[in-house]
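Survey of secondary and tertiary structure
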Amino acid sequence: MARLLITLGMRDAAAVDAGGAAAVDARGSVPVSTRTRRGAAGAATASSWAASRRWVILLALGWLVQAGLRVWFSRHQVMPLANPDETAYLVAARVLAGGPAADLSASTLYPGGYPLLITPAYWFSSNPSTVYHAVMVINAVISALALPLGYLACRRLGLGRPAAYGVAFVAALVPAGFFYSEYAMTDAVFVVITLAWLLTTHSWLTASSARVRYANAAGSAALAAYAYAIHSRGLVMVAGLAAIGVFIGWRQAAARLSVLVAALTAVVVAAAGWALNHHISLLVYPEGTRSLSGQIRERLGSVNGIIHVLEMAAGQLWRVVLDSWGIAGIGLVAALLVIVRRDVRSDLRIMGALAVAVTTLIACMAPAALPSDQPQAWASGRYLDGMIVVFFLVGGAVLLRARMRDIVVCTAVCTGLFLLAAVTVAVYIGTTVPTNGFGAGFNFAEPAVLTQTWTYASVALATAVTLVLLAVWIGFAFVLRRLRPGRAFAAASAAFGVCVAAVSLVAVAQMTSHISQAPRSNTQEAITLMEAGKVHPGDQVAVAPSLGWMLTVPQAFEVSWTELKHFKPGRQPLPAGTTVVETGWPAGQPAQAGWPDAPAGWRIVASDQDVGWVVWRKG
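Residues numbered from 1 in each chain as written. Predicted model: local features only at pLDDT ≥ 70, side-chain atom pairs only at ≥ 80, totals over all residues. Heavy atoms only, no water.

This part takes up the pairing of strand β5 (residues 580-584). Of all five residues in β5, five are buried; the element is thus mostly enclosed. Alternating positions in β5 separate into two faces, Val580, Glu582 and Gly584 on one and Val581 and Thr583 on the other, with burial throughout. Here strand β3 (residues 541-543) runs beside β5; their pairing, made up of three bridges, is parallel. Each bridged residue has a counterpart across the sheet, and for valine 541 the counterpart in β5 is valine 580. In this structure, β5 lies alongside strand β7 (residues 613-618), joined through five bridges in antiparallel fashion. Across the sheet, glutamate 582 pairs through a bridge with valine 615, a residue of β7. (Buried < 20%, exposed > 50% of the residue type's maximum accessible area, 1.4 Å probe, protein only. Helix = DSSP H or I, 4+ residues; strand = E, 2+ residues; numbered from the N terminus. Pairing = 2+ DSSP bridges.)

Time to look at the packing of aromatic side chains. All told, the structure shown has 19 aromatic pairs when counted by the stated rule. Each ring, one from tyrosine 89 and one from tyrosine 114, has its centre 5.5 Å from the other, and the planes form 85°; the classification is edge-to-face. Within this pair, whereas tyrosine 89 is found in helix α3 (residues 85-96), its partner tyrosine 114 is found in helix α4 (residues 113-118), the two being separated by 25 residues in sequence. No difference in accessibility class separates tyrosine 89 from tyrosine 114, as the two residues are buried. An aromatic cluster is present here, built from Phe179, Tyr180, Tyr183, Phe438 and Phe442 joined pairwise through their rings. Between arginine 70 and the ring centre of phenylalanine 178, over which it is positioned, the NZ or CZ distance is 4.5 Å. Seen from the ring of tryptophan 72, arginine 75 lies directly overhead, with NZ or CZ sitting 3.6 Å from the centre. (Phe/Tyr/Trp six-rings, centres within 6.5 Å; stacked < 30°, edge-to-face > 60°. Lys NZ or Arg CZ within 6 Å of the ring centre and 35° of its normal.)

Okay, unusual backbone geometry next. As a rule of thumb, non-glycine residues mostly have phi less than zero, and peptide bonds are mostly trans rather than cis. In this chain, asparagine 83 is followed by proline 84 through a cis amide linkage whose omega measures 10°. Mapped onto the fold, proline 84 is located in the loop between α2 (34-73) and α3. Phi angles above zero are rare outside glycine, and tryptophan 325 is one such case at about 60°. Looking at where tryptophan 325 falls in the secondary structure, it is placed in the loop between α15 (303-322) and α16 (327-340).

Moving on, we come to the packing of helix α7 (residues 146-156) against helix α10 (residues 187-206). At a minimum axis distance of 10 Å, the contact between α7 and α10 shows a crossing angle of 35°. In this structure, α7 meets α10 at a crossing whose hand is left-handed. Contacts between α7 and α10 involve Ala146, Leu149, Gly150, Leu152, Ala153 and Arg156 on the former and, on the latter, Val192, Leu195, Ala196, Leu199, His202 and Ser203. Per-class residue counts for the contact of α7 with α10 are eight nonpolar, three polar and one charged. (Axes fitted to C-alpha atoms, helices over the stretch in contact; angles between N-to-C directions. Left-handed = near helix turned anticlockwise from the far one by under 90°. Contact = heavy atoms within 4.5 Å. Nonpolar A, V, L, I, M, F, W, Y, C, P; charged D, E, K, R; others polar.)

Below is the structure:
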C-alpha cells in the first residue's frame, strides 16, 4: 500500500509534466507565449469544472441506479421477518410519529437513531404493508449513498475518476452493503454512516484551514455519536473519535480548539440520543430491557470467556474475507502494512490504525454481547458490514494500482489469516454451518451462496471457493499490468468489475429468494392467526404468554391501530375493553386449556393445533 501511494505520486507528477510538455505550438517546438499560456490555463480550468460537473451527474445517476436496484430487490417485502429487531425499530418509529406503543419488555433496547430516519413512513399511512414498503424506499435512498461516499474514499486512495467510480459502484453491490437494505434494521444504513464518519475524520486530520477543520471535527463527532444512537457498535466509533481527538490535541497545537468542538458536538448528539432512547424505553420497554453490558461483563469475567470471545472474533474476521469474495481481506492486510511503514504519510497511517482498531473491537465486542442461545450469530458478517465495504474499497484500490509484488504479499498474508480463522470456526462451531430456515440463512447466507447449499454449508468448501475467487481477482490484476493504457486495458478493467459485480448480484438475488421471500416465517404465521381470527382495526387485542414471542412480537407491528395488551390468564384480570384474546394451545390438551377460566360470553373463533394458537372473541 505504501508503494502504491508513492507510485501514485510519481504518476501524478508525470501527468503534470506531460501536460506542460504538451503546451507547445503545434507548428513547431517553440514554447507558447505567456498570453497563450494564460488562455490555456483558463481553458484548462473551465474544462476541469466541466469534467467535475459530468462526474457529479454520473454519481447522481449511479446513486439512482443503486437505489433502484435496492427498491427492485425489496419489492416483495411487505412484512418484518427479522424479529424482534425489525418490529422493535418499526414500533419505535410509530411511537415517534405519535402512534400507539407496544410492550417489548425484557428484550434488548433497540436505539432510536434508525427509527428516527424511518418515522416519515408513518406520516402518510398507518397500514403496516404500506409503511413497510415506504421504509424499504427510505432504506434504498440512504443505502445507495455508499456509491458517492465510496467514490470519495477511492479518490483519496489515489484512484483516478473512472477507476474510483467503478470500484465504488461494485463495492455498493456487495451483499454487506446491499442485502440488509431489504430489512427495517440499522444495518440498512450503518455502512453509509461508517463511510461518512471515516471520510470526515480523515478530512479533520488533513484540513488546510480552520473553518474546514472545525466543520469536519463537528461532522466526525456528530456521525460517531449518531452511530452510537443507531447501534451499540457505534460506541466503538465514539472510542475511535476520542483516540483521534487525543492524537490531534497532542500533535497539532493549532488544531486543539477543533478537539473541543468535536467533544462538545459528541456530547450534545449523544445526549440527544440518550433522551430519545429514554423516551422510547418508557413507552416500548416499560418493565426494563436486557443488559448488553451485563452480558459482556459476564463473558469477559473468566479466562474461558475471554478465549470464547477471541474465537467469536475469529469468526467475524473469517466473514470479512468470505463476504467480500476475498477483496476486503486484501484491504485489511494493506491497512495493517500501512500502519508499520514509516515512509507513508501520517494521516494514512492514522486512518489505517483507526480502521483496523474499529474492526478488531467490533469483532470482539459485538458477539460478546449476544446471549448464549444465539450460537448461529457467532460467525455472522452483519456486525462488520460497514468495515467490509471500507476494506473492499481499499482492496479494490490495491488490486488496480499496487505493484504485483505488493499484491502477492497482501494476498499471502490474507490467505494465512483466513485459513487460521476458518480452522477456528470449524473447531468451535463445526465443519458445517446451518443455512436452512430464516434465522440460519440470514446469518450464514454468503457461505450458503458460495457452497450452493441451503441446508448445511461446509466451512472448508466456502473457504476454498473464496480462495478460488481471490485467485481470479489476482489473475485480473496480473493481466492489467501486462497491458498498456488503451482499449484492451479498458476492456480488461471493465471485465474485472463486471465479474465482481456479477458475483455480488447473483449472491444478493439468491439471498433474497431463499431468505427474504422464504415461506412460513413467524410474521406470516402471525398474520395467518389474525386473518383466521378476523382481527381488524377497532379490536382491542390481548395476548397470553403461552402464545410465545414468535407470534406475539410480529403482531405488535401488525396491530397498528392500538397497543397490544399482555395478560396472564388466571393471574391477571382481562384488560378493560378487550374484544379479542389470543392464547397458546397446550400440547396434548384441548384448545380450551389455553384459557380455562374464560368468562361467559367468550368463544373460540379460530385455532391451529400444529402451530399452537387459539383466538377467542367476545360475543
